[in-house]
Amino acid sequence: MKTTLLVSALISSSILLSACGTPAPKDDRLDGFGQGLPPQHNEQPEPQYDTTPLLKEKADLSDTDSDGVINERDQCHEHSANVTVDNQGCEQSLSFVQTIDLDVQFQSGSALIDKQYMPNIKRLADAHLKQPEFALLIEGHTDNSGSRSENMALSKARADAVASVLVDEYGVQASDIYTAGFGPDEPIASNGTKAGKQKNRRMVAHLVLRDRFLSKHYDLWTVELGVPPITKQKLFSAN
C-alpha cells in the first residue's frame, strides 16, 4: 500500500515539473498589456472642440498713448490728450439727444408768450449754456382745430417766439437755435376731447450734438433724433 502511494506521488510531481517547464505560447498582444490598449487600438481621437486659446500667451499690456487702455485692446492710438475714451481706446462721442417738454402755453391763435412762462424758458437756456456743444432745437405743435396750413404756420411762429426769448432775454446764441413747426401732424393724445387737444398744443425742445445734423438745404437742416434703430428725421430752419 505504501509502495503504491509513493509511486503515485512521484508521478504527480513529475507531471507538475514537466508543466512548469513548458514555455507559454507567443502572443503579440501581450506586449501592450500594462501600457494601456494594444498598439492596434491605441488611436488618437479627433478633438471635438476648438482648442485655440482665447487670449494670446504674450499680450501687449503696455499703454503707449497713456489713455488707460492697453495696446492689445487699443484700436485708436491717435486722439487728443485728456479725452474720455471707450473700452477700445477711441474717443467717446456723446451721440445722445436730450428731449425736454417745454411748458409754454399760448392763447388760441396767438404766438405771444405770457410772462408766467419765462422761468420755464430760462431753465431751458441754462441747460443749453451748461452744454454749449449742443444745438438747441425748438418744436411747436398744435391740435387739429382749424386748417392744417394755418396750424403749421402758427406752430412755427410759436417756436420762433421761444427762440427770440432765448436770444434776447437769456443770452443764447441765435446760431445755436433751430426751429420747426409741425402743426397737428404729431399728436400725443386724442383730438376728440378738450383734454386731448390741450396736450397736443405743446412745445418740445431738444439738445442735440451737431453730428446729428445730416444735411442742409438752403436754411433747412435735416436732423436725426432718437437712437437707432428708432430714428426720426425732421426739418428745422436755422435762425
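Rules used in this analysis
In every chain, residue numbers begin from 1 and rise along the written sequence. Selection of residues for local features in this predicted model requires a pLDDT of at least 70, selection of side-chain atom pairs for listing and counting requires 80 or more, and totals for whole chains, interfaces and linings are taken over all residues. With hydrogens and water stripped out, all remaining heavy atoms of the structure feed into the side-chain values. Going along the chain from the N terminus, every DSSP run of H or I of four or more residues is numbered as a helix, and every run of E of two or more is numbered as a strand. Only protein chains enter the area calculation, which uses a 1.4 Å probe; residues under 20% of their type maximum are buried, those over 50% are exposed, and those in between are partly exposed. Contacts were defined at the residue level, with two residues in contact if any of their heavy atoms lie within 4.5 Å. Only the protein chains shown count as covering a residue, and every accessible area follows the Shrake-Rupley method with a 1.4 Å probe. How far a helix is expected to stretch is found by multiplying one less than its residue total by 1.5 Å. For salt bridges, the criterion is a side-chain nitrogen of Lys or Arg within 4 Å of an Asp or Glu carboxyl oxygen. Note on pairing: DSSP must find at least two bridges between two strands before they are called paired. With the strands aimed away from the viewer, a crossover counts as right-handed if its path from the first strand over the helix to the second runs clockwise. Buried Ala, Val, Leu, Ile, Met, Phe, Trp, Tyr and Cys residues form a nonpolar core when they are joined through side-chain atoms within 4.5 Å. Axis angles are defined between N-to-C directions and span 0 to 180 degrees, where every axis is a line fitted to C-alpha atoms and, for a helix, only to the segment in contact. Every angle not falling under 35 degrees, over 145, or within 65 to 115 is termed oblique; those three ranges are roughly parallel, roughly antiparallel and roughly perpendicular. Three residue categories are used. Nonpolar comprises Ala, Val, Leu, Ile, Met, Phe, Trp, Tyr, Cys and Pro, charged comprises Asp, Glu, Lys and Arg, and polar comprises the others, including Gly.

### Let's talk about the overall build of the protein chain
Per the secondary structure count, the protein chain includes 4 helices and 7 strands. Ordered by position from N to C terminus, the α and β elements of the protein chain give α-β-α-β-α-β-α-β-β-β-β. With 239 residues in all, the protein chain has 29% of them scored as buried. Long-range pairs, those at least 24 residues apart, make up 57% of the contacts in the protein chain with a sequence separation of at least 6. Approximately 16500 Å² of the protein chain is accessible, and the part contributed by carbon and sulfur atoms is 55%.

### Thoughts on helix H3 (residues 148-170)
Along an α-helix, residues three or four apart share an orientation, since each turn contains 3.6 residues. Here H3 is 23 residues long and its end C-alpha atoms lie 32 Å apart, about the 33 Å a rise of 1.5 Å per residue gives. Within the span of H3, buried status applies to Asn151, Leu154, Ser155, Arg158, Ala159, Ala161, Val162, Ala163, Val165 and Leu166. On the buried face of H3, the contacting elements are strand S1 (97-102), helix H2 (118-129), strand S2 (134-140), strand S3 (177-181) and strand S4 (203-209). Immediately beyond the C-terminal end of H3, within one or two residues, lies Gly171, with a positive phi of roughly 75°.

### Let's talk about the pattern of salt bridges
Tallied over the entire structure, the rule returns 8 salt bridges. The salt bridge involving Lys122 is made with Asp126; its shortest N-O contact spans 3.1 Å. In this pair, Lys122 and Asp126 both sit in helix H2, 4 residues apart, roughly one turn of the helix. Its salt-bridge partner being Lys234, residue Glu186 comes within 3.4 Å of it at the nearest N-O pair. Of the two residues, Glu186 sits in the loop between S3 and helix H4 (194-200) while Lys234 sits in strand S7 (residues 232-238), which places them 48 residues apart along the sequence. When its relative accessible area of 21% is taken as the criterion, Glu186 is described as partly exposed. For Lys234, a relative accessible area of 5% puts it in the buried group. Shared partners join several salt bridges into a network, and the residues in it are Glu139, Glu186 and Lys234.

### Quick word on the pairing of S2
Of all 7 residues making up S2, 7 are buried, and the element is well covered by its neighbours. On S2, burial covers both faces: Phe134, Leu136, Ile138 and Gly140 on one face and Ala135, Leu137 and Glu139 on the other are all buried. Note that S2 and S4 share 7 bridges and pair antiparallel. Residue pairing in the sheet places Ala135 in a bridge with Val208 of S4. Crossover connection from S2 via H3 to parallel S3: handedness right-handed.

### Points about the nonpolar core
The biggest cluster of nonpolar side chains holds 24 residues, and the ones touching the most others in it are Val104, Ile113, Ile138, Val162, Leu166 and Met203. Breaking this core down by element, the ones donating at least two residues are H2, S2, H3 and S4. Broken down by element, the residue count for this core peaks at 6 residues, all from H3. Within the second largest apolar cluster, 10 residues are counted, among which are Tyr178, Phe182, Val223 and Phe236.

### Considerations on the pairing of strand S5 (residues 213-217)
Relative to strand S6 (residues 220-225), S5 is paired through 4 bridges, and the arrangement is antiparallel. The residue bridging Ser215 from the neighbouring strand is Thr222, located in S6. Turn length for the S5-S6 hairpin, with the two strands adjacent in sequence and antiparallel, is 2 residues, and the turn residue Tyr218 shows positive phi of about 60°.

### Some words on the environment of Val104
With respect to the helices, strands and loops of the structure, Val104 is situated in the loop between S1 and H2. Of the residues examined, Val104 reaches a relative accessible area of 1% and is grouped as buried. Distance from Val104 to Asp114, taken between C-alpha atoms, is 8.3 Å for residues 10 residues apart in sequence. Setting aside its immediate chain neighbours within four residues, Val104 contacts Ile113, Tyr117, Ile121 and Met203.

### What to know about the packing of H2 against H3
In contact at an axis separation of 10 Å, H2 and H3 are set at 70° when each is read in the N-to-C sense. If you check the angle between H2 and H3, you find them roughly perpendicular. From H2, Met118, Ile121, Lys122, Leu124, Ala125 and Leu129 reach across to H3, where they touch Val162, Val165, Leu166 and Tyr170. Residues belonging to the contact of H2 with H3 are distributed by class as follows: 9 nonpolar, no polar and 1 charged.

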